[in-house]
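# Coordinate analysis (summary)
Each chain, letter by letter, is given below.
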Amino acid sequence: MQKTLSQSLFQTLILGIVIASLLIIGAVWKSANSFVVENIDQDIALAEKVFDKVVEDRQEVIKSVSNVLSRSFDFRRAVGTQDLPSIEAALTSYASRLNTDIIALVNLDHTVVVSHSDIFEAGQQLQSSVALVAKGKDSGFFVVNDKLVQLNLYRVEIPTLRYYMLIGVEFDKTLLNELKTLIDADIIVSQPKTNNIIITTLDAAVASYLLDKEEDPSWLDVTFGDELTYFKRNANISSDIHLPVDITLAVDTTVSFDAFTSIQITILAFALIAMLIALGLSMLLARNVSQPVSNLVAAVNRVASGKYGATLDKPSKLKEITELANAVDSMQESIKSREKHIRYQAQHDVLTGLYNRNYVEDYFSSQMASSNTVQVIAITVLGFRTINDLYGYQNGDNTLKALAQRLQRWPGTSARLAGGEILYISHEPLQEDQLNTLRHILEQPVESNLIAIPVKITMAVVNCPIDASNSEELFRKINIVTDEAIHTGAWCVNYRTELEDRYNRRLSITTELKRALASQQDELSMVYQPKVDLRTMKVSSMEALIRWNNSELGFVPPDEFITIAEQAGLIEQVTTWVMQQTITDLAYFRNKGFNFTVAMNLSTQDIQNKVLLSNLVTLLTEKGLSPEALELEITESDLVADASLAIENLTELTARGFHFAIDDFGTGYSSLAYLKNLPVKTIKIDKSFILSLASDENDQQIVHTVLSLASIFNLKVVAEGVEDETSLDILKGWGCDVAQGYYISRPLKVADLETWLRNSPFGE
Ligand code: C2E
Ligand code: CA
Ligand code: CA
């Protein structure tokens, strides 16, 4: 578990105080203890001396008694006559006079003859007497009847040795108390080994408790009131006295330790006061340090949960805390600004500063939630990839930035979705003329790095919530409408339900075509349509046309899937396939000895694709064919819409020997005068002018004019869509160079073409 600062501070202080107090107490105890021990040792030394002295005194007294007694006439006579009552009377009288406890007369076989004491009885054999005589000693200590007695032996020789006389003193309480007063220590007389108390100045229970206790009382016993705070020592009574008992001296230390205990209590009291002070101190420190630290922690936690504010309520007195608080404050500031930045980035498109898709989704959802009506306009920059390719990414970016700036001047919310797709949400539905104005503003060429970049946009309009009420639906419908707009080339398309079917068809065409191109398939094939030279009336060329039979979709007309392939970025693959097939077939026919050329259709993107065009050259070279064998058809619009790169490529390929024809002439706006400056030698009049040429005077007039002008500009003219003989004759009559149409032949497979070539009057 973690501690707070004040807890740890408090604990450290307390620990210090406790250690200091214990050290002091220990020191005091040690000195007090050694003082007491020294004292008791002195007591014991004294006690031994005193004891010796007492014994000596006693012996003196007894000696004098025995002298007096043995010299007494009465006694001698009584002994001599063996007059026992007289002996007893004499002994009693002496005993009371001399204050001895024991006087006994024993005969030579140590049987008591006369005794003045309750200890010895007449007729009893005295072991003590035996022991003294055996040892040849005059004096000794004995335990008799659980009493300690000092006995002296005297020989009664009247005139020869007739009796032994034992005179003794009992070590009774009185004597012991006298000793106690002298040595100032309690005395315990006990039997060795068994520790049976014989006599003591103490209470017997206390004495035996003390004897059993091995150790001196501890500091705890002394300080916290064990009642028996005695120190005890064995007294070694010296000299030649043999003691049949243990003598233990016990010194009550209560008094000696009294001073010590009061010191202890004083120390404890001081320690307690010191602890209280420590508590106060740590609380004070806690207020000054841990409170601000806790405030900082709280502030940092607030920051973590996204709330910002002042770190400290009031300035701290501590420098470090203030510095820390300042650091937290500046951290907050930078987090705040970073968060702002991140939030901005999360909602905005970095390039244009418009909102991004995420934001728009949320915004749209909230609009729908509050039942607002909005008009969502998806603006797509047409050919934005081409802008990047042609002018570089920097200019591409500048174009988008410029569009964003223009759009931001309009009321409403705008966002960039991806690439050249911008979303504009208006609360007031824009009418068609307003939309057109917006379009014109946006389509102003963008000036970037001294280049004017042309911009073409298309608008997809979805009205919400009628057309879409959630963002998923919205984006799906935007895709549908935008796709339709791009596909049809309309500048503005409103959402309609039928767009969904067309969109779905385009979607499945894209999916299927992708799959077909990725696999080894026989879904795609090439057919060839003969073109007849009107001077010789013989076939001079074949137009290569692609066919697609899909198992799901059935026959898909080339106009339809080619346009979709162009928009889906699949055209390069399609053209590559067509190139390979056509050149293989051409090589085949050349092998068979046919001399006609082949016309291949290229789409807009193909003419701008350098890699593709250089592959074309490689393929031809591989088959040993020259560029003159190939004619390339491009539509008029390809050259008008954008120009520079296409024309550059065109010029390059023409220099290599390729021929270009302008397809579908008359459907666009270009004039023959304009085409004259291009590296183009041939024009194909669009079949819409030829199909009813025989009957339609209007068409006749146009075709006639075109033919006359073409001859002036020295352009070769091909008429496609010739379905009848009359038209063919007219064209021939007006000097048209080449004719192509169902009247001559429908597009044919390679095998059928061989038959046709052999059988048709137009065949080679
Ligand atoms: P296009 O290049 O103008 O091709 C001529 C179209 O007119 C062909 O249609 C052809 O079958 C048709 N046609 C020729 N003579 C007559 C006639 O007498 N009467 C009628 N009604 N039609 C006639 P198709 O094959 O359906 O091709 C349509 C368009 O598909 C082509 O128009 C061309 O733009 C594109 N296309 C076809 N094959 C390819 C290809 O391999 N590559 C590319 N990029 N486009 C292709
Ligand atoms: Ca063509
Ligand atoms: Ca055509």
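Next up on the list: the overall build of the protein. Check the secondary structure of the protein and you find 26 helices and 25 strands. Taking 764 residues into account, the globule formula puts the C-alpha radius of gyration at 27 Å, and the protein, at 69 Å, lies well above it. Summarising its shape, the C-alpha atoms of the protein cover approximately 210 × 65 × 45 Å along the three principal directions. Residue burial in the protein is summarised as follows: out of 764 residues, 45% are buried. Relative to all contacts within the protein whose residues are 6 or more apart in sequence, the contacts with residues 24 or more apart total 62%. Accessible area of the protein: about 39,100 Å², with a carbon and sulfur share of 53%. Seen as two clouds, the 65 positive and the 96 negative side-chain charges of the protein have centres 3 Å apart.

The protein atoms donating to the calcium ion (ligand 3) are Asp 663 (OD), Asp 664 (OD), Glu 720 (OE) and Glu 720 (OE), with metal-donor distances spanning 1.9 to 3.1 Å. The calcium ion (ligand 2) is placed at 4.3 Å from the calcium ion (ligand 3), the two being bridged by Asp 663. Pair noted here: Asp 663 is in strand E22 (residues 659–665) and Glu 720 is in strand E24 (residues 716–720), with a separation of 57 residues, a long-range link.

Each regular strand carries side chains that alternate between the two faces of the sheet. Pairing geometry for strand E18 (residues 538–550) and strand E20 (residues 597–601), over four bridges, is parallel. Across the sheet, Ala 544 pairs through a bridge with Met 600, a residue of E20. One ladder, built from four bridges, connects E20 with strand E21 (residues 630–635); its direction is parallel. Residue pairing in the sheet places Val 598 in a bridge with Leu 630 of E21.

Turning to the pattern of salt bridges, a few remarks are in order. Within the structure shown, the criterion is met by 26 salt bridges. Among the ionic pairs, Arg 515 bridges to Glu 523, the shortest N-O distance being 2.9 Å. When its relative accessible area of 13% is taken as the criterion, Glu 523 is described as buried.

Here the domain parsing of the protein yields domain 1 (72–170), domain 2 (308–347), domain 3 (349–495) and domain 4 (508–757). On a C-alpha basis, the centres of domain 1 and domain 3 stand 146 Å from each other.

Turning our attention to the packing of helix H12 (residues 393–408) against helix H13 (residues 432–442). Axis separation between H12 and H13 bottoms out at 10 Å; the angle between their running directions is 145°. For the pair H12 and H13, the crossing hand works out as right-handed. On the side of H12, the interface is formed by Leu 403, Arg 406 and Leu 407, while H13 contributes Leu 438, Ile 441 and Leu 442. Partitioning the contact of H12 with H13 into residue classes produces five nonpolar, no polar and one charged.

A word on the coordination of the calcium ion (ligand 2). Each protein donor to the calcium ion (ligand 2) is listed here as Glu 543 (OE), Asn 601 (OD1), Glu 633 (OE) and Asp 663 (OD); together their distances run 2.1 to 2.4 Å. Mapping the donors of the calcium ion (ligand 2) onto the primary sequence yields the spacing E-x57-N-x31-E-x29-D. By relative accessible area, which is 4% here, Glu 543 ends up buried. Assessed through its relative accessible area of 27%, Asn 601 is described here as partly exposed.

A word on the site of ligand 1. Neighbouring ligand 1 are 22 residues, the closest being Gln 529, Asp 559, Asp 663, Glu 723 and Tyr 742. Within the side chain of Gln 529, an N or O atom sits 3.0 Å from a nitrogen atom of ligand 1. Between Glu 723 and ligand 1, the recorded distance is 2.5 Å, taken from a side-chain N or O atom to a nitrogen atom. Considering ligand 1 on its own, with 790 Å² of exposed area, one finds that the protein chains cover 87% of that surface. Only E18, helix H16 (558–567) and E22 provide two or more residues apiece to the shell around ligand 1. If you tally residues by element for the shell around ligand 1, the top one is E18, at four residues. Tallied by class, residues from the shell around ligand 1 come to nine nonpolar, five polar and eight charged.

Together, Leu 13, Phe 270, Ile 273, Ile 277, Leu 281 and Leu 284 make up an exposed nonpolar region whose accessible area comes to about 570 Å². Among the elements that make up the nonpolar patch, the one with the highest residue count is helix H8 (residues 254–304) (five residues). Relative to the helices and strands, Leu 281 is located in helix H8. The exposure class assigned to Leu 281 is partly exposed, which follows from its relative accessible area of 41%.

Ordered by their spatial adjacency, five strands build an open sheet running E2-E1-E5-E4-E3, and the pairing between neighbours is antiparallel. In this open sheet, the two edge strands, each paired with only one partner strand, are strand E2 (112–116) and strand E3 (139–144). Shown here is a sheet whose adjacent strand axes are inclined to one another by a mean of 25°, direction ignored. Note: strand E1 (residues 102–107) against E2, four bridges, orientation antiparallel.

The strand order across the open sheet built from five strands is E11-E12-E10-E15-E16, with neighbouring strands paired in mixed fashion. Each end of this open sheet is capped by a strand with a single partner; those strands are strand E11 (413–418) and strand E16 (492–494). Taking the axes of each pair of neighbouring strands and ignoring which way they run, one obtains an average angle of 20° across the sheet. Two strands pair when backbone bridges link them, and strand E10 (residues 374–381) and strand E12 (residues 421–426) are joined in this way by six bridges, in the antiparallel orientation. Opposite Ile 379, over in E12, you have Ile 422 as the bridge partner. Sitting on the sheet, helix H10 (residues 357–369) is in contact with E10, E11, E12 and strand E15 (457–464), with an inclination near 135° to E11.

For Val 79, the location among the structural elements is in helix H2 (residues 73–80). Between the C-alpha atom of Val 79 and that of Glu 723, which follows or precedes it by 644 residues, the distance is 194 Å. Setting aside its immediate chain neighbours within four residues, Val 79 contacts Ile 87, Val 156, Ile 158, Arg 162 and Tyr 163.

Moving on to the pairing of E11. Of all six residues making up E11, five are buried, and the element is well covered by its neighbours. Two strands pair when backbone bridges link them, and E11 and E12 are joined in this way by five bridges, in the antiparallel orientation. Among the inter-strand pairings, Arg 416 is bridged to a residue of E12, identified as Ile 422. Count of turn residues in the E11/E12 antiparallel hairpin: two residues, of which Gly 419 carries a positive phi of about 45°.

By the secondary structure assignment, Ile 102 is in strand E1. Expressed as a C-alpha distance, the spacing of Ile 102 and Ser 117, which sit 15 residues apart in the sequence, is 5.3 Å.

Counted by the stated rule, this structure contains eight aromatic pairs. Seen from their ring centres, Tyr 359 and Tyr 363 are 5.9 Å apart, and the 15° between their planes marks the pair as stacked. With Tyr 359 and Tyr 363 both in helix H10 and four residues apart, this pair spans about one turn of that helix. Positioned above the aromatic ring of Phe 475 is the side chain of Arg 357, whose terminal nitrogen or guanidinium carbon lies 3.9 Å from the ring centre. Sitting above the plane of the Tyr 742 ring, Arg 746 keeps its charged end 4.0 Å from the centroid.

For the rest of this paragraph, the subject is helix H26 (residues 750–759). Every α-helix carries 3.6 residues per turn, so stepping three or four residues along brings you back to the same face. Looking at H26, one finds that the buried residues are Leu 753, Glu 754, Trp 756 and Leu 757. On an axial view of H26, the arc spanned by its buried residues comes to 165°, and they lie on one face. Residues Ala 751, Arg 758 and Asn 759 are exposed on H26 and point more than 90 degrees away from its buried face. Contacts made by the buried residues of H26 are with strand E17 (524–533), E18 and helix H17 (571–591).

The rules behind each value
Residues numbered from 1 in each chain as written. Chains lettered and ligands numbered in written order. Predicted model: local features only at pLDDT ≥ 70, side-chain atom pairs only at ≥ 80, totals over all residues. Heavy atoms only, no water. Helix = DSSP H or I, 4+ residues; strand = E, 2+ residues; numbered from the N terminus. Rg over C-alpha atoms; globule rule 2.2 N^0.38 Å. Buried < 20%, exposed > 50% of the residue type's maximum accessible area, 1.4 Å probe, protein only. Contact = heavy atoms within 4.5 Å. Areas by Shrake-Rupley, 256 points an atom, 1.4 Å probe, with all protein chains shown as cover. Lys, Arg positive; Asp, Glu negative; His and termini not counted. Charge placed at Lys NZ, Arg CZ, Asp CG, Glu CD. Donors = N, O, S within 2.8 Å, 3.2 Å for Na, K, Ca; no water. Pairing = 2+ DSSP bridges. Salt bridge = Lys/Arg side-chain N within 4 Å of Asp/Glu carboxyl O. Domains from an automatic or database assignment. Axes fitted to C-alpha atoms, helices over the stretch in contact; angles between N-to-C directions. Left-handed = near helix turned anticlockwise from the far one by under 90°. Nonpolar A, V, L, I, M, F, W, Y, C, P; charged D, E, K, R; others polar. Near = heavy atom within 4 Å. Polar contact = N/O pair within 3.5 Å; in protein donor to acceptor, adjacent residues only side chain to side chain. Patch = residues over 30% accessible without salt bridge, like charges linked within 9 Å, V, L, I, M, F, W, Y side chains within 5 Å. Phe/Tyr/Trp six-rings, centres within 6.5 Å; stacked < 30°, edge-to-face > 60°. Lys NZ or Arg CZ within 6 Å of the ring centre and 35° of its normal. Arc of directions from axis to C-beta.

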